[in-house]
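Overview (structure and organization)
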Amino acid sequence: MDYFVISLLNGVVYGLLLFMVSSGLTLVFGMMGVLNFAHGSFYMIGAYAGYAIARVTGFWPAMVLAPVVVALIGAAVERWLLEPVHRHGHAQELLLTFGLVFVIEELAKLLFGPFAVDNPMPAELARPALQVGDIAFPAFKAFIGVVAAAMFAGLFALLRLTRAGLVVRAAVHRPDMVSALGHDVSRVFMLVFALGAGLAGLAGAVAGVFYPVSPNMAHELGVIVFVVVVVGGLGSLPGALVASLLIGLSTTFAVGIDATLGDGLRTLGLAWTMGGIFDVRLSSMSGAIPFFLMLLILLLRPSGLLGERA
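The rules behind these values
Residues numbered from 1 in each chain as written. Predicted model: local features only at pLDDT ≥ 70, side-chain atom pairs only at ≥ 80, totals over all residues. Heavy atoms only, no water. UniProt positions renumbered as here; feature names shortened; annotations may be inferred. Patch = residues over 30% accessible without salt bridge, like charges linked within 9 Å, V, L, I, M, F, W, Y side chains within 5 Å. Areas by Shrake-Rupley, 256 points an atom, 1.4 Å probe, with all protein chains shown as cover. Salt bridge = Lys/Arg side-chain N within 4 Å of Asp/Glu carboxyl O. Helix = DSSP H or I, 4+ residues; strand = E, 2+ residues; numbered from the N terminus. Buried < 20%, exposed > 50% of the residue type's maximum accessible area, 1.4 Å probe, protein only. Axes fitted to C-alpha atoms, helices over the stretch in contact; angles between N-to-C directions. Parallel < 35°, antiparallel > 145°, perpendicular 65-115°, else oblique. Left-handed = near helix turned anticlockwise from the far one by under 90°. Contact = heavy atoms within 4.5 Å. Nonpolar A, V, L, I, M, F, W, Y, C, P; charged D, E, K, R; others polar. Phe/Tyr/Trp six-rings, centres within 6.5 Å; stacked < 30°, edge-to-face > 60°. Pairing = 2+ DSSP bridges. pLDDT = per-residue confidence, 0-100. Polar contact = N/O pair within 3.5 Å; in protein donor to acceptor, adjacent residues only side chain to side chain.

The protein chain is annotated in an unreviewed UniProt entry as Branched-chain amino acid ABC transporter permease of Siccirubricoccus soli. Annotation of the protein chain in UniProt includes, under Subcellular location (unreviewed entry), the sentence "Cell membrane".

Okay, a nonpolar patch on the surface next. On the surface, Tyr3, Phe4, Leu8 and Ile257 cluster together into a nonpolar patch covering about 340 Å² of accessible area. Checked against the element boundaries, Leu8 lands in helix 1 (residues 2-32). Residue class for Leu8 comes out partly exposed when judged on its relative accessible area of 34%.

The relative placement of two packed helices comes down to the angle between their axes together with the axis-to-axis distance. Packing of helix 5 (residues 139-161) against helix 10 (residues 237-255) brings their axes to within 11 Å, and their N-to-C directions diverge by 165°. Here helix 5 is positioned roughly antiparallel relative to helix 10, judged by the angle of their axes. At the point where helix 5 passes helix 10, the crossing takes the left-handed sense. Residues Phe152, Leu155 and Phe156 of helix 5 lie in contact with helix 10, whose contacting residues are Leu237, Pro238 and Leu241. Residue composition of the contact of helix 5 with helix 10, grouped by class: six nonpolar, no polar and no charged.

Right, let's get into the pattern of salt bridges. Per the counting criterion, the structure on display carries three salt bridges. Of the charged contacts in the structure, one is a salt bridge between Arg79 and Glu83, with a shortest N-O distance of 3.2 Å. Taken together, the residues span about one helical turn, with Arg79 and Glu83 both in helix 3 (residues 59-86) at a distance of four residues. Beyond isolated ion pairs, a larger network of salt bridges with shared partners links Glu105, Glu106 and Lys109.

A word on the packing of aromatic side chains. Enumeration according to the criterion identifies 16 aromatic pairs in this entry. Both rings, one in Phe19 and one in Phe152, keep their centres 5.7 Å apart while their planes meet at 65°; by these two values the pair is edge-to-face. Remark: Phe152 occurs in helix 5 and Phe19 occurs in helix 1; sequence separation between them is 133 residues. Look at Phe19 and you get buried, because its relative accessible area is 0%. A network of ring pairs unites the aromatic residues Phe59, Trp60, Phe140, Phe143, Phe210 and Tyr211 as a single cluster.

Tracing the backbone shows Gly58 in the loop between helix 2 (39-57) and helix 3. Sequence separation between Gly58 and Ser186 is 128 residues, and the spatial gap between their C-alpha atoms is 36 Å.

With that settled, the discussion passes to the pairing of strand 1 (residues 128-132). In this structure, strand 1 lies alongside strand 2 (residues 135-138), joined through four bridges in antiparallel fashion. Among the inter-strand pairings, Pro128 is bridged to a residue of strand 2, identified as Pro138.

Attention now goes to the confidence of the model for the protein chain. Confidence in the prediction for the protein chain averages 87 pLDDT; 92% of positions are at 70 or higher. The secondary-structure element of the protein chain with the lowest mean pLDDT is helix 11 (residues 261-267), recorded at 64, while helix 2 shows the highest, at 95.

With that settled, the discussion passes to the UniProt feature "transmembrane region" (unreviewed entry) in the protein chain. Here the UniProt feature "transmembrane region" (unreviewed entry) sits at residues 12-38, 58-82, 94-115, 135-159, 188-211, 217-234, 241-262 and 282-300. Within the segment residues 94-115, helix and strand shares are 86% and 0% respectively, and the terminal C-alpha atoms sit 28 Å apart. Counting secondary structure, residues 188-211 comes out at 83% helix and 0% strand; the distance between its end C-alpha atoms is 33 Å.

We now examine the side chain of Thr97. Its location among the elements puts Thr97 in helix 4 (residues 90-112). Taking the relative accessible area as the measure of exposure, Thr97 reaches 1% and is therefore buried. In terms of polar contacts, Thr97 uses its side chain to reach the backbone amide nitrogen of Phe37, at 3.2 Å. When neighbours within four sequence positions are excluded, Thr97 is seen to be in contact with Leu35, Asn36, Phe37, Ala38 and Leu82.

The structure is reproduced here in structure tokens:
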């Protein structure tokens, strides 16, 4: 029972962290139609910015200032790099953001070195928040969950309940009409991209004191973020949340299962002897579960769990 409760909590927190990173990518694609390959790099910039600022101001000011820094960088990227190639189509955007990944990674190595940096956790969040048997659930993981929940509520309210959200959604489908009403559509898109980058920066600043901050962190989480967006449905914020939790829970529970697929089939009476992949333990396949899930979703519902059908 202790294993189940702790795995459930860890899975939810990991899923919410995935949502924190993927929400910005979902927002940018849903509002602008830009699939940003460098989104994981903005997450990494947020972690490094949080680390650098925290050395001067402490964790709490850094958590506020780091997303602002990343949002400003995102605005500059959209205005001076993405906007000139936006008219040429998605292929050029993908190539540009793909190249940007390597530029940002090399800059991180140049400024902070090729190895992980020591980013201490604030003392008030280092204590246990919950004790389940002999296992302590740290307060910082609970804090990640609270920030992710607040992020989802804030984004949903911004896009659905405010005039700014109405203008943004209208600019996606009727840019000429929005421009005729006096709104600068290019500025709207720049602000949306900056907000998406800032959300990734917030995720990096929060998670950077718990997970290793290194130049590889963009690759480690960036691929899974794209899986989340595809599984949830491109442009669907609720879909990203559902997909993040599904992937977080399935991956976390699989890590602690010391059994094979063949064992499960034999228990059901479906197979007596197995070999090959069926003899591989589920714990060693946990990293592949998100990709199996994405393949299944693409086969059964190509638009994603909550995505709109074409």
